[in-house]
Amino acid sequence: MTVSPAPAPAAVALAEAFVRAAPGDVPAGFRALVDALWSEGRASTDALAAVPSLVTALERAGTDRKGYLAVLLGLLAETEYPDLDGPLNGAVREHLDDYLALLGTEDIGTPLTLALLYLLSHFPGDREPILAAVSSLDLAPEDLSRLDRSLSTLDVSNPDLGRVWPSPSAWTLNADERAFDQGWIKELTPQQLVANWENDTRTVLGCTGARAYWAVCHGEPRNLPADPVPERREISAPVADAALFAPHIGALRCPACRGSLDSHDGVARCAGCAARYPVAGGILDLTAPAQEEQGDASADFLEKLSRVPSMGLFYEAVARPAFLRVSGSNWGGTVTPQDEDQYIADHVRPVDGPVLDLGAGAGRWTAVIAETVGAERLIALDSALPMLNVLRGRLPQVPSVLASAAELPFDDASLGAVVCWNALQAFYADAAAAIAEVGRVLRPGGTFTLMTFRRSDDPVYRYFQSAHRFPQHQGGLQLFDLDELKRWLAGAGLTVREESGPGTFVFITAVREH
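Below, the structure is looked at part by part. Sequence order sets the numbering: in each chain, residues are counted from 1 along the sequence as written. Local features in this predicted model are restricted to residues of pLDDT 70 or higher, and side-chain atom pairs are both shown and tallied only at a pLDDT of 80 or more, whereas totals for entire chains, interfaces and linings draw on every residue. The side-chain figures draw on all heavy atoms in the structure; neither hydrogens nor water molecules are used.

This next bit is on the packing of aromatic side chains. The way to describe two aromatic rings as a pair is by their centre distance and the angle between their planes. Between rings of Phe, Tyr and Trp, where Trp is taken as its six-membered ring, a pair exists when centres lie within 6.5 Å; planes separated by under 30 degrees are stacked, by over 60 edge-to-face, and by other angles tilted. Within the structure shown, the criterion is met by 16 aromatic pairs. With 6.0 Å between their ring centres and 90° between their planes, Phe480 and Trp488 make a pair best called edge-to-face. In this analysis the charged atom, NZ for Lys or CZ for Arg, is taken to sit over a ring once it is within 6 Å of the ring centre and within 35 degrees of the ring normal. Lying across the ring of Trp365, Arg320 places its NZ or CZ 3.8 Å from the centre. Taking the ring centre of Trp365 as reference, the NZ or CZ of Arg364 above it sits at 4.1 Å.

Below, the structure is given as structure tokens:
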């Protein structure tokens, strides 16, 4: 016979206070309840004993606060992940029938439905009854596919890894891409299979939780239609690379020795150390010098380009808008792409010299910068070849550089402006170095315009932000503290002239002083 621990008096009182709270006091009452039972993904010593009281409160609470309690129960169940049989998960799961009954309530509303989906996502052992219970609901494909993935278990004989962000339903793979996936998955050890599966699960739970919690706090989220993923661009013969890079070659520097570069079609050569860097398709690869005995460096680089899967295309159409919703708390569509366009047009003010799009990605906002300053002044830089491949298809007149943001391959005070749009968090560990580099390469009076994201002040939403595992953030998504960003900017000799951003967006324009 299992004996349940005695309820913690403080937790019982807080749950009761939350149920009875005036509407204006609901957020503060929930915060007090959360602080007593949970912190940064860990449960308090009172959490196990508090579960029955939370379930009772869930049954008694008004519709405007049931969702909060469902999210909290999900958070407690998640504290033991990847252990699916822990005592706390078991205590929450014991009331599964109550959650399913609540899910079938007429006119339940979107926020509570999403909160219950998050809660139910923690019980893969009950996959069949849960999926049966939601089958009559008119769920969005993204919500249903995230629930289905959360309730799945790893099949080591046929593992399905990756392709879960922003939802499994968003991914459609052609034969080449599926073969690419199978190739890298087959190379993983059993331990790596498990680690990748758990990272994927945490990402799915993070997105499900962020969407649910935002809806509970703010109302029904706005589902923005995703753009269709365009067809892959075939790589053709090299463009006239020498002519493309000619206007900017004086600003470029060798990453190995800081010597000047001279570009000819197919290769850029350093005057200082004689290093040779391949140039093909309008992309200069400064990540590693080519060796003389390797033969035609441009042909090898074109072969790399032709084998890259279409991640850049998918990112632009699907992944990026979803990333803004999670990182920027933008589930209501407060910040639109048009708002981003307008900020760039209003704030990028270059002095003489080339303009750098730092972390250009697939080029959606490179095009906006080109309209603002002129494509003839622009250089795009990114560390991801798939992104630059897409950018070059979109903007063949803009030369692109494959290089690190932490060591910009440009001369001191050589650039008229730098823009870093929705990219700084992609190289979080190198962000301070990248900002210092921006200060070094900007000419006096040149602007540095950026958009990134800060950590939420709400500990629950901040947890959901950090739950996402992306390639650059295997330990969880890392976002910035605003004061930290300002210190880095000041240290680089940059003065903030404008700062704004709703939700957890950060828009900043800074100027390089003398």
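There's more to say after this.
Moving on, we get to the pattern of salt bridges. Salt bridges, as used here, are contacts in which a Lys or Arg side-chain nitrogen is within 4 Å of a carboxyl oxygen on Asp or Glu. If you walk through the whole model with that rule in mind, you get 20 salt bridges. Between Asp64 and Arg65 there is a salt bridge, with the nearest N and O atoms lying 2.9 Å from each other. One salt bridge connects Asp411 with Arg253, and the closest N-O pair in it is separated by 2.9 Å. Of this pair, Asp411 sits in the loop between strand E9 (400-402) and strand E10 (415-421) while Arg253 sits in the loop between helix H12 (241-245) and strand E3 (261-264), and the two are 158 residues apart along the sequence. Classification of residues uses two cut-offs on accessible area relative to the type maximum, computed with a 1.4 Å probe and protein chains only: under 20% is buried, over 50% is exposed, and between them is partly exposed. Here Arg253 falls in the buried class, since its relative accessible area comes to 13%. Connected through shared salt-bridge partners, Glu142, Asp143, Arg146 and Arg211 make up one network. For the purposes of this entry, the term helix denotes a DSSP run of H or I that reaches at least four residues, the term strand denotes a run of E that reaches at least two, and both are numbered from the N terminus.

This part takes up the environment of Asn196. As for its position among the elements, Asn196 is in helix H11 (residues 190-218). As for Asn196 and Ile185, which are separated by eleven residues in sequence, their C-alpha atoms are 9.7 Å apart.

Note that E3 and strand E4 (residues 267-270) share four bridges and pair antiparallel. By the bridge assignment, His264 is partnered in E4 with Val267. The pairing of E4 with strand E5 (residues 276-280) spans three bridges and is classified as antiparallel. The partner of Ala268 across the bridge, within E5, is Tyr277. Here, a strand pair is defined by DSSP locating no fewer than two bridges between the strands.

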